[in-house]
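The residues making up each chain are set out below.
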Amino acid sequence: MNFETILLSQTNTQNQLLEEVKKNPGVIRTYLEGLVPSLLGFLVQVIMAFVILGIGSRIIKAIVRMLGKFLDKGRTETGVVTFLCSFVKYALYFVLAMIILSQFGVTTSSVVAVLGSAGLTMGLALQGSLSNFAGGVLILLLKPFVVGDYIMESATGHEGTVSEITIFYTKLLTIDNQLVMVPNGTLSNCSITNMTHMEKRRIDLLIGVSYDADLKLVKEVLKKTAEQDPSALLEEPLDVYVSELGESAVMVGLRVWVKTEDYWPARWRLIEQIKNRLDAHHITIPYPQLDVKIKDGEGKEQKA
C-alpha cells in the first residue's frame, strides 16, 4: 500500500463522516452533550485540588509551627530546630502533592514507579541539592558550628555570624549586615574556622620600637598596659618578649588572654593605649622615611 492509497483512504473516511453529519445533525449535539459530564467532573476535580491545597498548606504550617515550639521547649539547638522544621515541611508538601495527584486518578504506586525509573536522571540533576542536604545532616551531627557562632570558610572566604541552618543552605550575617547564603555541601567539604567557639582568645600584638629604645622599659610599659586593661584575664599567662630584630626596628611581642566576646574591643583599646604610653615615655616607633636630594645647576645637593 503506497502513500497515495493511504491518503485516498483517509479522504474517503472523512467524506463518509461529513455525509453522516449532514444526514444526522444531532450527532454533534449528542457528542457535545456527552462531553458535559466529563468536563463537569474535571472541573470538580480541579476545585477539590485547590481546596485540598489550601487546607493542606494551613495544616502543614500549623504542624511546622507546633514542632518548632515543641523543640524550643526542649531547649533543642536552634540549628537543629531550623533543619528539622525545613525537612518536615518539604516532606509534608510532598505528601500533599501525592494526595492532589490522586484526585486526578494518579496512584502513588505509579508515581513511585516513575520516580524509580527516573531515579538516575534525577540523581544526576539534583546531585548539588542532595550534596547540600547531606552536608546539612553532617553539620548537625558533627556540630563544627552552631547558630550564633562567627565562622570563616576557606572555599570562598565568606565569614560572618551563623543566623540560620536550613535544609540546603546556611545563612551568614556579615559584620556590615549583609546576608550570605552558603551551600551546606560547601561547608561540609572545606576548612572552617570557628572564631567564637571557645570561651577565651589570645590577643597577639607586635610593636616595633627604635634600636635606641630601652627594651626593659618597653617591656614594662607593655606589661603594665596589658595588666591594667579591664578585659585582660590575669589568671592566664601574659607574655612580653622580643620577637625579632628587624631592618629598622626591634619587634616586641605582647600576648594577653581575654574573653571571646571582648576580643576586638580589647585589641583596639590596647593598640591605642600602647601608642600613647610609648609616646609618654619618649619611646620612638620607627616608620618608613624618604629623604629626597635635589642637585642645583652647580651640582650641589639640596635636601627637599
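Worth saying up front: this structure is predicted, and the values here are computed from it rather than measured.

Draft legend 1. The arrangement of the pairing of strand β8 (residues 250-259) in detail. Note that strand β6 (residues 200-209) and β8 share ten bridges and pair antiparallel. Within β8, the position partnered with D204 by the bridge is R255. Hairpin connection of strand β7 (residues 239-245) to β8: four residues between the antiparallel strands.

Draft legend 2. Spotlight on helix α9 (residues 263-280). When the terminal C-alpha atoms of α9 are compared, their 26 Å separation across 18 residues agrees well with the 26 Å that a helix rising 1.5 Å per residue should span. Residues Y263, A266, L270, I274 and L278 constitute the buried set of α9. Take α9 and look down its axis: the buried residues cluster within an arc of 85°, on one side only. Facing away from the buried surface of α9 by more than 90 degrees, the exposed residues are W268, E272 and A280. Those residues of α9 hidden inside the fold are in contact with β6, α8 (215-227) and β8.

Draft legend 3. View of the pairing of strand β1 (residues 150-153). Across three bridges, the pairing between β1 and strand β2 (residues 159-165) is antiparallel. Note that in β2 the partner of M152 across the bridge is E159. From the end of β1 to the start of β2, which pair antiparallel, there are five residues, and G157 there has a positive phi angle of about 80°. Relative to strand β5 (residues 192-194), β1 runs antiparallel, the two sharing three bridges. What sits directly across from E153, in β5, is I192.

Draft legend 4. Quick peek at a nonpolar patch on the surface. A surface patch of nonpolar side chains, about 610 Å² in accessible area, is lined by L40, L43, I47, V51, I55, I59 and I63. As for its position among the elements, I55 is in helix α2 (residues 26-73). On the basis of relative accessibility, which here comes to 48%, the residue I55 falls in the partly exposed class.

Draft legend 5. Highlighting a positive patch on the surface. On the surface, R58, K61, R65, K69 and K73 cluster together to form a positively charged patch. Note that K61 resides in helix α2.

Draft legend 6. The environment of M66, seen in detail. Within the fold, M66 resides in helix α2. Judged by relative accessible area, M66 falls into the exposed class, the value being 59%. Expressed as a C-alpha distance, the spacing of M66 and C85, which sit 19 residues apart in the sequence, is 9.7 Å.

Draft legend 7. Structural detail: the confidence of the model for the chain. Residues at a pLDDT of 70 or more form 74% of the chain, whose mean pLDDT is 80. Within the chain, no element has a lower average pLDDT than helix α5 (residues 119-125), which sits at 54, and none a higher one than β8, at 95.

Draft legend 8. Geometry of the sheet that holds strand β4 (residues 179-183). Strands sit in the order β4-β3-β2-β1-β5 across an open sheet of five strands; the sheet is antiparallel. Each edge of the sheet is formed by a strand with only one pairing partner; in this case those strands are β4 and β5. Geometrically, the sheet is characterised by an average inter-axis angle of 40° between neighbouring strands, direction not taken into account. In this structure, strand β3 (residues 169-173) lies alongside β4, joined through five bridges in antiparallel fashion.

Draft legend 9. Focus on the nonpolar core. Of all hydrophobic cores here, the largest spans 22 residues; its most connected members are I203 and V209. Those elements that place two or more of their residues in this core are β6, α8, β8 and α9. Residues within four places of V209 in sequence aside, it is in contact with L215, V218, A249, V250, V252, L278, I283, T284 and P286.

Draft legend 10. Expanded view of helix α3 (residues 78-102). Here α3 spans 37 Å end to end across 25 residues, near enough to the 36 Å set by a 1.5 Å rise per residue. Within α3 the residues assigned to the buried category are G79, V80, V81, T82, F83, C85, S86, L96, M98 and I100.

Thresholds applied
- Residues numbered from 1 in each chain as written.
- Predicted model: local features only at pLDDT ≥ 70, side-chain atom pairs only at ≥ 80, totals over all residues.
- Heavy atoms only, no water.
- Pairing = 2+ DSSP bridges.
- Helix = DSSP H or I, 4+ residues; strand = E, 2+ residues; numbered from the N terminus.
- Expected span 1.5 Å × (residues − 1).
- Buried < 20%, exposed > 50% of the residue type's maximum accessible area, 1.4 Å probe, protein only.
- Arc of directions from axis to C-beta.
- Contact = heavy atoms within 4.5 Å.
- Patch = residues over 30% accessible without salt bridge, like charges linked within 9 Å, V, L, I, M, F, W, Y side chains within 5 Å.
- Areas by Shrake-Rupley, 256 points an atom, 1.4 Å probe, with all protein chains shown as cover.
- Salt bridge = Lys/Arg side-chain N within 4 Å of Asp/Glu carboxyl O.
- Lys, Arg positive; Asp, Glu negative; His and termini not counted.
- Charge placed at Lys NZ, Arg CZ, Asp CG, Glu CD.
- pLDDT = per-residue confidence, 0-100.
- Axes fitted to C-alpha atoms, helices over the stretch in contact; angles between N-to-C directions.
- Core = buried A, V, L, I, M, F, W, Y, C linked by side-chain atoms within 4.5 Å.

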